[in-house]
Amino acid sequence: MERINCEILDLRAFLLVVELGSFHRSAEVLNLSQTAVSRRIQKLEAATGGALLERTTRHVAPTAMGRELLPLVRRMLEEFDGSLFTFRDPRRRGGIVSLACLPTAAFYYLPTVIRAFRVEHPDVRFRILDLPATEGLQAVARGEVEFGVNIMGAADPDLVFDRLAEDPFVLAVRKDHPLAGSESLTWADLAPYPLITVHRSSANRVLLDAVLVKSGVSLQWTYEVTHLSTSLGLVEAGLGISVLPRMATPQGDHPFLATCPIRDPEVSRTIGVVRRRGASISPAAATFMNMLIGTWGGAT
């Protein structure tokens, strides 16, 4: 494998120029000349094989390649600085776990596993990016995080998935709705009522539509939203019913909302841990990832 020859100061110069939008101000912060900062950027561009910054007399901004590299540089510098701090402060020897997680999993399930993990590893810090499925996969692929919790099934040879849980799609309704309390519904039962669904750009919607089309089922929606939480808000207001993953619904007894299973066909998304093939991860992240697979995956 070809090695990329760059130094930490090259990365710091690039990050500062992007954040400050100025070679002059960046040079002052780094206590270097502007010429030295420019050479640092040029060296990094030579190593990455393309221009990272667009320069004019009044403006400096990252190129498309620079924007793609930026989150990785931020993570590398933060982890490098964090590693140095551990030698100066023994209380910070726990390390950092960085992951991208589906918002629904981050809200309802991830805190339980983190709480159990921190009993044995109280010094470990967490950086959690709660991102939609597509953005979460991109964060893992770019190396912005060490691993992710995401929907399985993406055909990317550079990513490796480990199954955690099945998450079936259910119907969310108000408790005073005629369908509330139904032990089993078919998709045809939903037809008389205003339906709330997420936008076609959502990975959940893509998965749901793909399975239903194969079964000859077509959903006629009245409201289309971007976020699952918005659909629940509309349901709670009595504006309609919504189909969404069970993981996205309130856990336990909710004062206004109820969920019901839907059959013929039953549609489910598979949640898994995703990581880059062949990429190394920190000991703290490896320990937490294995615990996540063992406890969460084993309990479902």
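Residues numbered from 1 in each chain as written. Predicted model: local features only at pLDDT ≥ 70, side-chain atom pairs only at ≥ 80, totals over all residues. Heavy atoms only, no water.

Enquirer: What is the right way to read the pairing of strand β6 (residues 159-174) from this model?
Expert: On any regular strand, side chains alternate: one points to one face of the sheet, the next to the other face. The buried fraction of β6 is high, at 12 of 16 residues. By the bridge criterion, nine bridges tie β6 to strand β12 (residues 268-276) in an arrangement that is antiparallel. Across the sheet, Arg-163 pairs through a bridge with Gly-272, a residue of β12. Bridge count between β6 and strand β10 (residues 241-245): four bridges; the pairing is antiparallel. Opposite Val-170, over in β10, you have Leu-244 as the bridge partner. Inspection of the sheet shows β6 paired to strand β11 (residues 257-263) by five bridges, in the antiparallel sense. Within β11, the residue paired with Val-173 across the bridge is Ala-258. (Buried < 20%, exposed > 50% of the residue type's maximum accessible area, 1.4 Å probe, protein only. Helix = DSSP H or I, 4+ residues; strand = E, 2+ residues; numbered from the N terminus. Pairing = 2+ DSSP bridges.)

Enquirer: For this particular structure, what's the right way to read unusual backbone geometry?
Expert: Among all residues except glycine, the phi angle is most often negative; among peptide bonds, the trans geometry is most common. Following Asp-264, the chain continues into Pro-265 via a peptide bond in cis, with omega recorded as 0°. Topologically, Pro-265 is positioned in the loop between β11 and β12. Located in the positive-phi region is Asn-31, a residue other than glycine, with phi close to 60°. With respect to the helices and strands, the residue Asn-31 is situated in the loop between α2 (23-30) and α3 (34-48). Its identity as a non-glycine residue notwithstanding, Asp-264 has a phi of 55°, on the positive side. Relative to the assigned elements, Asp-264 resides in the loop between β11 and β12. For Asp-264, a relative accessible area of 60% puts it in the exposed group.

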